[in-house]
Amino acid sequence: MQDKPQLSSADEDRIAWVRVASVFLPLANPISDAKVLTGRQKPMTEIAMLFVEIETRDGHRGLGFSYSKRAGGPGQFAHAQELAPSLIGENPSDIAKLWDKLCWAGASVGRSGLATQAIGAFDVALWDLKAKRANLSLARLLGAHRDSVQCYNTSGGFLHTPLDQLMINTDISREKGIGGIKLKVGQPDQALDLHRVSTIRKHLGDGFPLMVDANQQWDRPTAQRMCRQLEQYNLVWIEEPLDCYDAEGHAALAQQFDTPIATGEMLTSVAEHWEFIKLRAADYLMPDAPRVGGITPYLKVQAAAEQAGLMIAPHFAMELHIHLAATYSREPWVEHFEWLEPLFNERMETREGRMLVPTRPGLGLSLSERVAGWTADQIEIGRRP
């Protein structure tokens, strides 16, 4: 009789301790896009971060995060605080199972929005832990297609930035080895948008990658007119020309114009992305892993987009999305934002228009000492080994 196979230590390992922290990262300058100029929002002065740290009985650790801009941070923390005890005693390798468990624990408040964004921090931490235990970067664990990803800068192109400074910012980005520039548009006076785009296109030259982002502030007739006028500027894409849930409107624009249409950053579930994929409503889909609930649902979105032949340009959080973009079979873009850098000890490296995929185990991130000073609340569940 053959002996029964022995379980590995990884199979026997269990989650012993979870820390959840609510952190408010101050921004150096108030940030304004079209939503501010149209009166829908106030300038953004901070980002609410939700950090999750997980440790197992065998001492393996994972770090994950989600975020909220403007309102929502305390709500995410409150929901995560309720969910955290569900992980104690669970096998950290069962990531898909644990995602479902956390989702159904709070199913009465829905399977999108704030609820899934809270789950996202736990999910990212579990994937970080799994990659670290394998001594692989997250990109390598998932299966990378490339060691670097073309990147573009957004943080220098917001609408609060004067045009002269905008040109300086583009020069700084190029000197840093960033491969594209994105400008915010969507002002009430469309002539101002066109002037900024025309000026920056001339400053960059015809061949340098340039994108624009209207942040959902156009109605359908305005989007038609603006897309038509923007065709002349050889843009990589026109982002969020319409309300983020207007799949049919985005599909009509994608079919009508040569300039690619990009959207998806505000969607918070696989189901919401599927509507856009099904209708071919975006040439570039822009999923945000923390917003859809973490890496587990993000990979479902990415697989569906790949099957449909769409391009991918994940939104924000380059420290996470560089790994995920590296796993896409078609050449993606990743968004370069400096905003989250003070939270971490590590920095993303850019060279010749591309961002290098970190080779450190897991996400390759550790929290900086400054995070403690920005922490508004935290809880610990279980006991550290």
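Residues numbered from 1 in each chain as written. Predicted model: local features only at pLDDT ≥ 70, side-chain atom pairs only at ≥ 80, totals over all residues. Heavy atoms only, no water.

Asks: Explain the sheet that holds strand β14 (residues 375-382) here, please?
Replies: What links the strands of a sheet is backbone hydrogen bonding, and the strands pair in either a parallel or an antiparallel sense. As summarised here, the arrangement of the four strands in space is β3-β2-β1-β14, forming an open sheet in which the pairing is antiparallel. Of all strands in the sheet, those with a lone pairing partner are β3 (61-69) and β14, marking the two edges. Taken over all neighbouring pairs, the strand axes of this sheet differ in orientation by 15 degrees on average, direction set aside. For strand β2 (residues 44-56) and β3, the ladder comprises nine bridges, and the chain directions are antiparallel. Bridge pairing in β3 places E53 opposite L63. Along the sheet, helix α3 (residues 73-83) makes contact with β1 (15-31), β2, β3 and β14, crossing β1 at roughly 175 degrees. (Pairing = 2+ DSSP bridges. Helix = DSSP H or I, 4+ residues; strand = E, 2+ residues; numbered from the N terminus. Axes fitted to C-alpha atoms, helices over the stretch in contact; angles between N-to-C directions. Contact = heavy atoms within 4.5 Å.)

Asks: Help me understand helix α8 (residues 190-204) in this model?
Replies: Each full turn of the α-helix corresponds to 3.6 residues, which orients residues three or four apart in the same direction. An ideal rise of 1.5 Å per residue puts 21 Å on 15 residues; α8 measures up with 21 Å between its terminal C-alpha atoms. Residues of α8 that are buried in the fold lie against α7 (163-175), β5 (181-184), β6 (210-213) and α9 (220-230). For α8, the N-terminal capping position is held by D189, with its side-chain oxygen 3.0 Å away from the main-chain nitrogen of A191. G205 sits one or two positions beyond α8 and adopts a positive phi of about 95 degrees. (Expected span 1.5 Å × (residues − 1). Polar contact = N/O pair within 3.5 Å; in protein donor to acceptor, adjacent residues only side chain to side chain.)

Asks: What's the story with unusual backbone geometry in this structure? I'm lost.
Replies: Excluding glycine, residues mostly carry a negative phi; peptide bonds, for their part, are mostly trans. Positive phi, normally seen in glycine, also occurs at N135, with a value near 60 degrees. When its relative accessible area of 58% is taken as the criterion, N135 is described as exposed. Although it is not a glycine, A317 sits at a positive phi angle of roughly 40 degrees. For A317, the position within the fold is in the loop between β10 (311-312) and α14 (318-325). With a relative accessible area of 1%, A317 lands in the buried category. (Buried < 20%, exposed > 50% of the residue type's maximum accessible area, 1.4 Å probe, protein only.)

Asks: Sorry if this is basic, but what is going on with the packing of aromatic side chains here?
Replies: The geometry of two aromatic rings is summed up by the distance between their centres and the angle between their planes. In the structure shown here, the tally under the stated rule is 13 aromatic pairs. Ring plane angle 90 degrees and centroid distance 6.5 Å describe the contact between W237 and W333, whose orientation is recorded as edge-to-face. Pair noted here: W237 is in the loop between α9 and β7 (238-239) and W333 is in strand β11 (residues 333-336), with a separation of 96 residues, a long-range link. Each member of the pair, W237 as well as W333, is classed as buried. A centroid spacing of 4.9 Å and a plane angle of 75 degrees characterise the contact between F316 and F337, whose relative ring orientation is edge-to-face. Of this pair, F316 sits in the loop between β10 and α14 while F337 is found in the loop between β11 and β12 (350-351), placing the two residues 21 residues apart along the sequence. (Phe/Tyr/Trp six-rings, centres within 6.5 Å; stacked < 30°, edge-to-face > 60°.)

Asks: What am I meant to see in the packing of α8 against α9 here?
Replies: The geometry of a pair of packed helices is captured by two quantities: the angle between their axes and the separation between those axes. Contact geometry of α8 with α9 gives a least axis separation of 11 Å together with a crossing angle of 25 degrees. With respect to their mutual orientation, α8 and α9 come out roughly parallel. Judged by the sense of rotation from one axis to the other, the crossing of α8 with α9 is right-handed. In this structure, α8 contributes Q190, D193, L194 and V197 to the contact, and α9 contributes T222, M226, Q229 and L230. Looking at the contact of α8 with α9 residue by residue, the classes come out as four nonpolar, three polar and one charged. (Parallel < 35°, antiparallel > 145°, perpendicular 65-115°, else oblique. Left-handed = near helix turned anticlockwise from the far one by under 90°. Nonpolar A, V, L, I, M, F, W, Y, C, P; charged D, E, K, R; others polar.)

Asks: Would you mind showing me how to read the side chain of Q216 here?
Replies: Within the secondary structure, Q216 sits in the loop between β6 and α9. Given a relative accessible area of 13%, Q216 falls into the buried group. Within the structure, the side chain of Q216 is placed 2.8 Å from the backbone nitrogen of C244, a separation counted as a polar contact. Other than its neighbours up to four places away in sequence, Q216 contacts R40, E240, L242, D243, C244 and M266.

Asks: I would appreciate a short explanation of the pairing of β1 in the present structure.
Replies: Moving residue by residue along a regular strand, the side chains alternate between the two faces of the sheet. Extensive coverage of β1 is indicated by the burial of 12 of its 17 residues. Note: β1 against β2, 12 bridges, orientation antiparallel. Paired with I15 across the strands is T56, a residue of β2. Direction of pairing for β1 relative to β14: antiparallel, over a ladder of seven bridges.

Asks: How do you make sense of helix α11 (residues 270-278) when you look at a structure like this?
Replies: Turning to α11, its buried residues number three or more, namely E272, H273, F276 and I277. Angular distribution of buried residues about the axis of α11 spans 140 degrees; they occupy a single face of the element. Where α11 is buried, its residues touch α10 (247-256), β8 (261-263), β9 (284-285), α12 (289-292) and α13 (295-308). (Arc of directions from axis to C-beta.)

Asks: Sorry if this is basic, but what is going on with the environment of R280 here?
Replies: When you line up the elements, R280 lands in the loop between α11 and β9. For R280, a relative accessible area of 44% corresponds to the partly exposed category. Along the chain, R280 and A252 lie 28 residues apart, while their C-alpha atoms are 9.2 Å from each other. What R280 contacts, discounting residues up to four positions off in sequence, is A251, A254, A308 and L310.

Asks: How should I be thinking about the pattern of salt bridges in this particular structure?
Replies: Should the charged atoms of two oppositely charged side chains come close, the side chains can pair. All chains considered together, the criterion is met by 21 salt bridges. As a salt-bridge pair, R61 and E55 come within 3.4 Å of each other at their nearest N and O atoms. When its relative accessible area of 8% is taken as the criterion, E55 is described as buried. The residue R384 makes a salt bridge to E55 at a minimum N-O spacing of 3.0 Å. Taken together, the residues span a long stretch of sequence, with R384 in the segment after β14 and E55 in strand β2 at a distance of 329 residues. In this structure R384 comes out as partly exposed when scored by relative accessible area, which is 42%. Bridged by salt links that share partners, the residues R19, E53, E55, R61, E380 and R384 form one connected network. (Salt bridge = Lys/Arg side-chain N within 4 Å of Asp/Glu carboxyl O.)

What is shown is where atoms sit, not what they do.
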